[in-house]
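Observations on the model geometry
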Amino acid sequence: MTKQTLSFQAEVAQLLHLVTHSLYSNKEIFLRELISNASDACDKLRFEAINDGGLYENDSELKVKVTFDKDAKTLTITDNGIGMSAQEAIDHLGTIAKSGTKDFVSKLSGDQKADSQLIGQFGVGFYSGFIVADKISVESRRAGMKTSEGVRWVSGGSGDFEVEAIERAERGTSVTLHLREDALDYAQAWKVKNIINKYSDHISLPILMEKEEWKDGELINPSDEAGGRQPGGMVKTGEWETVNKASAIWSRPKKDISAEQYDEFYKQISHDFEAPLAHTHNRVEGSTEYTQLLYIPGKAPMDLWNRDKKGGLKLYVKRVFIMDDAEALLPTYLRFVKGVVDSADLPLNVSRELLQESRDVKAIREGCTKRVLGMLEDLAKHDKVGETSTDGVTDVLSAEDKAEAEKNAGKYTKFYAEFGAVLKEGLGEDFANKERLCKLLRFASTSSDAATVGFADYKARMKEGQEAIYYITADTLAAAKNSPQLEVFKKKGIEVLLMTDRVDEWALNFVQEFDGTPLQSVAKGAVDLGSLQDEAEKKAAEEAAETFKPLLAKLKEALKDKAEDVRITTRLVDSPACLVVQDHGMSTQLARMLKQAGQAAPEVKPVLEVNAEHPLVKKLEGSVHFNDLAHILFDQALLAEGGMPADPAAYVKRVNALLV
Ligand code: ADP
């Protein structure tokens, strides 16, 4: 074949113009693209060689070499992969075969900013070389073809390219970039190594570079890689070194990876010094193929509470690094998870915008969520060693299982202390997994100060005849524990969950029941202990309500600006009164939180419940200070639950008047 000049397909010419102009601020990606092509070419050879071993031509060690020539101002990427025939070079490097190319190009507006976003959704691949090069020369020979059937393809990246036949001994492809004046940096070893390190460390092929040495140079500033030494500069030594790790840990079989290696990788990607609590590593096959390696950290980062901070996983496409913090791969409430997803289906130049819309990403996200919940369930299951199961029989463990159990004991409690509150956000965010999330929740309770009680534990301990899971929300554990609303529950020995996380109040909006048992706030609605109350108690309550009718009416009148209603209650034992809200009303605690956060909260008028047995209430009837006492009763009930009287000075005045 004699030298011929051919034109690029019209779309390619447009794309080339765009690439060189709009990806200008992100130059270094060209190396990732070219190394990725080299790696693909090796993958293809490996695949074809399955049926035709001769294609290896006695050289089956697939690799990529990166070389440069400072004087010629060139950078060359060479692979010994499948290579290209002359026709393939014409077809593959002169046209874009991808479906939708025309469509894509027609969308381009000529507005650089808008176009550069668009281009992120479309693989620019080989053409990205023109970001840094004003001429690219490709030499190649397809595996299995004669050495006289090599091809040279040369282009300056505008309208056309040249092709000619050449003699080429080596199989595979060399791509030589003639660097633009403003891209001469890329002819320096340290710069190139850095980029390889950043993007291609996990390419499983070795990437080789020729070792260099300083010639007659004295070390002036060791921290300055490039400018630290003087005259002769760097000279090549003729030895080659592998500059990447050449093996993606997640692409290796599980059995070949030690626990230490898993931990090391976690530390590398998370910048955490501590080992993670757990990891999961899986290859998922089916309509969407990907590998996931996910970790649960042992400690919360400083910025965990910032929901705007990008959490998320590292995304690789076929072992080529695409982006950090790909938040589309996990829901926000799992933003503490670290790890890698390597997809076989996404395009290399996938953008964040595209991730949000991709169906593959949706499948990956669901898969990752399930795996993380699975990991947490596992940790929860092994949190306590030798725990007595609900049927009263302690599992008998083998020595090996026992050692394993001891290793895992306490991990879930540790996890929960760090991330439990974040996990609860999932109740409002991930309805599909609500049930699984509910099982993972832990709270303090009237029988445990530590947040270790799950709904299932609670249910197992419920009293005969108890029909609800009782809970109370408060600002602090002390406030919750001492709340007057708990008095009757304490008296009857009924456990109440104590919820003190700021998100509890909000999260519980999404949980009406657990495993068929309704959740009931002890601060909402009239207390209904159902069959926990005996007949005598019920009768006494009804009688009291009757006897105190006139008093209740008077109280209601005195407090009409503050209380929605006033009624007799059986929930109090020691305290004279407490405040509750209507069954479906917003709790006073939530209303207070909203106000503190500067948000508009509807005015909640609580119900004042009074204890007919209390001396103060008994004395109220005939008192000359009735009005003052009524207000004090109300304000004290407010104070007892951590609130503040609307007019504190008036409250103090009233109390003092009585004291005097
Ligand atoms: P993509 O890699 O996304 O298909 P590119 O523009 O990067 O798009 O490359 C176009 C085609 O050129 C590739 O599909 C491949 O057939 C061919 N090609 C590119 N680089 C090489 C290489 N190093 N060895 C063999 N073929 C290559």
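As a starting point, this report considers the structure included with it. As the structure is a computational prediction, the values presented were derived from the model and not from experiment.

About the criteria used
Note that residues are indexed from 1 along each chain, following the sequence as it is written. Only residues with pLDDT of at least 70 get local features here, since the model is predicted, and only at 80 or more are side-chain atom pairs given and counted; chain-wide, interface and lining totals rely on the full set of residues. Here the side-chain values reflect all heavy atoms present in the structure, with hydrogen atoms and water set aside. Three labels apply to residues, based on accessible area from a 1.4 Å probe with only protein chains included: buried if under 20% of the type maximum, exposed if over 50%, partly exposed otherwise in between. Numbered from the N terminus, helices here are DSSP runs of H or I no shorter than four residues, and strands are runs of E no shorter than two. The pairing criterion for strands is at least two bridges between them, as found by DSSP. With axes taken as lines fitted to C-alpha atoms, and helix axes fitted only over the stretch in contact, angles between N-to-C directions fall between 0 and 180 degrees. Throughout, a residue-residue contact means that at least one pair of heavy atoms, one from each residue, lies within 4.5 Å. By convention a nonpolar core is built from buried Ala, Val, Leu, Ile, Met, Phe, Trp, Tyr and Cys residues, the set being connected through side-chain atoms within 4.5 Å. We call a residue near a molecule or strand whenever a single non-hydrogen atom of that residue lies within 4 Å of it. We call two N or O atoms a polar contact when they sit within 3.5 Å, provided that within protein one can donate a hydrogen and the other can accept it, with sequence-adjacent residues counted only if both atoms are side-chain atoms. Using a 1.4 Å probe, the Shrake-Rupley method yields the accessible areas, and only the shown protein chains count as cover for residues. Within this document, salt bridges are pairs made up of a side-chain nitrogen of Lys or Arg and a carboxyl oxygen of Asp or Glu, the two lying within 4 Å of each other.

Side note on the pairing of strand β2 (residues 64-69)
Judged by which residues are buried, β2 turns out to be one-sided: V64, V66 and F68 face inward and are buried, whereas K65, T67 and D69, on the alternate face, are not. For β2 and strand β3 (residues 74-79), the ladder comprises six bridges, and the chain directions are antiparallel. If you follow D69 over to β3, its bridge partner there is T74. The turn joining β2 and β3, which pair antiparallel and follow one another in sequence, is formed by four residues; a positive phi near 60° is taken by K73.

So, the sheet that holds strand β23 (residues 607-610)
If you trace the three strands from one edge of the open sheet to the other, you get β21-β23-β22, paired in mixed fashion. Every other strand in the sheet has two partners, leaving β21 (565-568) and β22 (577-580) as the edge strands with one partner each. Strand-to-strand twist of the sheet, defined as the mean angle between neighbouring strand axes without regard to direction, takes the value 25°. Here four bridges tie β22 to β23, and the two strands are oriented antiparallel to one another. What sits directly across from A577, in β23, is V610. Contacts from helix α22 (residues 626-640) reach β22 and β23 within the one sheet, and its direction differs from that of β22 by about 65°.

A closer look at the nonpolar core
The biggest cluster of nonpolar side chains holds 144 residues, and the ones touching the most others in it are L75, W153, L177, L315, F415 and L423. Counting residues in each nonpolar core, the second largest holds 23 residues, with L552, V566, A630 and F634 among its members.

Some points on the site of the ligand
In the neighbourhood of the ligand, eleven residues make up the surrounding shell, with N37, D79, H92, G125 and F126 lying closest. Side-chain polar atom of H92 to an oxygen atom of the ligand: 3.1 Å apart, as the coordinates give it. F126 is positioned with one of its backbone polar atoms (N or O) 2.7 Å from an oxygen atom of the ligand. Across the complex, the protein chains shield 78% of the 530 Å² of accessible surface that the ligand would expose by itself. For the shell around the ligand, the elements supplying multiple residues, two or more each, are α2 (29-48) and α3 (86-94).

Observations concerning the pattern of salt bridges
Evaluation of the coordinates by the stated rule reveals 32 salt bridges. Of the charged contacts in the structure, one is a salt bridge between E241 and K193, with a shortest N-O distance of 3.0 Å. Of this pair, E241 sits in strand β9 (residues 234-242) while K193 sits in helix α6 (residues 189-199), and the two are 48 residues apart along the sequence. On the accessibility criterion, E241 (24% relative accessible area) is partly exposed.

Some remarks on the sheet that holds strand β17 (residues 469-473)
The mixed open sheet is built from six strands, whose spatial order is β16-β15-β18-β17-β20-β19. Taken across any chain shown, the strands that pair with only one partner, and hence form the sheet edges, are β16 (448-453) and β19 (513-514). As judged from the two bridges shared by strand β15 (residues 443-445) and β16, these two strands associate in the antiparallel manner. What sits directly across from F443, in β16, is V453.

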